[in-house]
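Structural features, examined
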Amino acid sequence: MIPFIKWNHWWIRVFDYPRLQKLTIILTLLLLWVVLPHEATQKELWTFLLLLAAAAIFLLIKVIPFSPFGKKMVETVEFDETSSIHILIGNVFQPNTQHPLLIKLVHETNPDLIFLVETDSHWEKGLKSLEKDYKHLIKLPLDNTYGLLLYSKLEIISHEINYLIDPGIPSLDLNVKLKNGKVIKIHGIHPTPPVPTQNPKSTDRDAEILMVGKKVKLLDKPALVIGDLNDVAWSYTTELFLKISEMADPRKGRGVFNTFHAKIPFLRWPLDHVFLSKHFGLVSIKVHKSIGSDHFPISMIARLTIENNTNTKKANGDEKKEAREKINRGLSNED
C-alpha cells in the first residue's frame, strides 16, 4: 500500500521499484497459506487470502503491460540502414575499472551512438580508443558520479549542455543527422536518485524528467529521451512523463528488460530507458551482459517511420519558441 502515498520521501518512493519481487512474494505467500497447515479461523483465512489476492491482482495489472501479453506502444518495423539509429546506453558505475569489457561490447554491437553516465576522467582515458571510429564527441567527465560521455558516428548538428535542476548534474540536448539526412532530437539525462546518501526526496528527479517531457511535447520533429532515469518504467512519474511528452515506451508489450542491479539477481528492475516519439518504430531492444557495473548496458535500434508529427499540437510558431525559452530558464509551473 505504501506506493499509494504520494509523498516524495525516498523511503516511500523506493517501494515503486520492486513490483515483480512483491508479486513473487505475495504469490508464494498465497501458495504457502493454502498448502501448509495453520490454526487460522475461517474468517482470518479468507481475510488474509482476499487481501493477498487483491494485492496480487493490482501488481499483475501494473506488470502485465511490460510483458508479451501487454499492448505494444511502439510497432515493430524492419531495419533500414539510412533511416535507423542504433543506440547503446550504459551506467558504467564510476569506480568500475573494466573499460575493456565495454570496448569489447561496442566492437561486438557496433552502435551508431553511445551514451554513458557516471563517467569520470579515468573512464574518458580508458575509452580513448573508441574515438578512432566515433568522430563526434561530447565529453563531460565528472568526479561526482554525474559525468557524461557521448560518442557518435552520426553527425551532431548542434548540442547544448543543460543543468536543469542542479548545477552539478548535466544533461544533453542534441540534434543528430541520420544517414538519410533527416535530423532528430536526442535528450540524454541522468537525474539524481531518491536515496538518503544523495537526495532524500524524489523531487529533483521527478522535476528533471518532467521538464524534459515538456520540452519534447513542444518539438515539431522526431525525438528520443535516453539515459539512466533512476526511475522504473511503471512509476507514477514515468507514466506522467509519457503522458506529457506523448512519447512511447518500447518495453510495453515486449518485456521488462531489467538493467539494475547487475550483481543482485533478485533485486532487478528497469532503470535505464529509451523513450521514442511516435515518429519511430522499433527494430530491436536488448539488455547486454555485464561490463563490471551495477547496471547492465541496454541497446535499441529505432527506425524513423514518420518525418513530421501528425499529432495535434497546442502550441505553434512563436508560442512554441516562447514556451521553450521559459522551460530553458527553469521557470516553475506557477510561472
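Let me sum up the structure you'll find in this document. All values derive from a computational prediction rather than experimental measurement. (Residues numbered from 1 in each chain as written. Predicted model: local features only at pLDDT ≥ 70, side-chain atom pairs only at ≥ 80, totals over all residues. Heavy atoms only, no water.)

**What to know about the sheet that holds strand β4 (residues 148-152)**
Strand order in the open sheet made by the 6 strands is β3-β4-β2-β1-β11-β10, with mixed pairing throughout. Edge positions in the open sheet fall to β3 (136-140) and β10 (280-287), since each of these has one partner strand only. On average, adjacent strands in this sheet sit at an angle of 15° to one another, irrespective of strand direction. Pairing of β10 with strand β11 (residues 298-304), which is carried by 7 bridges, proceeds in the antiparallel orientation. What sits directly across from K286, in β11, is S299. The strands that helix α4 (residues 99-109) touches are β1 (84-91) and β2 (113-117); relative to β1, the one it contacts most, it runs at about 165°. (Pairing = 2+ DSSP bridges. Helix = DSSP H or I, 4+ residues; strand = E, 2+ residues; numbered from the N terminus. Axes fitted to C-alpha atoms, helices over the stretch in contact; angles between N-to-C directions. Contact = heavy atoms within 4.5 Å.)

**Considering a nonpolar patch on the surface**
A grouping of I2, I5, W7, W10, W11, V14 and F15 is seen on the molecular surface, where their side chains present a nonpolar patch of about 620 Å² in accessible area. The topology assignment puts I5 in the segment before α1 (10-13). In this structure I5 comes out as partly exposed when scored by relative accessible area, which is 34%. (Patch = residues over 30% accessible without salt bridge, like charges linked within 9 Å, V, L, I, M, F, W, Y side chains within 5 Å. Areas by Shrake-Rupley, 256 points an atom, 1.4 Å probe, with all protein chains shown as cover. Salt bridge = Lys/Arg side-chain N within 4 Å of Asp/Glu carboxyl O. Buried < 20%, exposed > 50% of the residue type's maximum accessible area, 1.4 Å probe, protein only.)

**Side note on the pattern of salt bridges**
Applying the stated criterion across every chain, the model contains 12 salt bridges. For the salt bridge of D231 with R205, the shortest nitrogen-to-oxygen distance reads 3.4 Å. A residue pair is termed long-range when its members are at least 10 positions apart, and D231 in the loop between β8 (223-228) and α7 (236-245) and R205 in helix α6 (residues 203-217) qualify at 26 residues. Residue D231 is classed as buried on the basis of its relative accessible area of 0%. By sharing partners, the salt bridges in this structure join E124, K128, E131 and K139 into a single network.

Keep in mind these values describe shape, not function.
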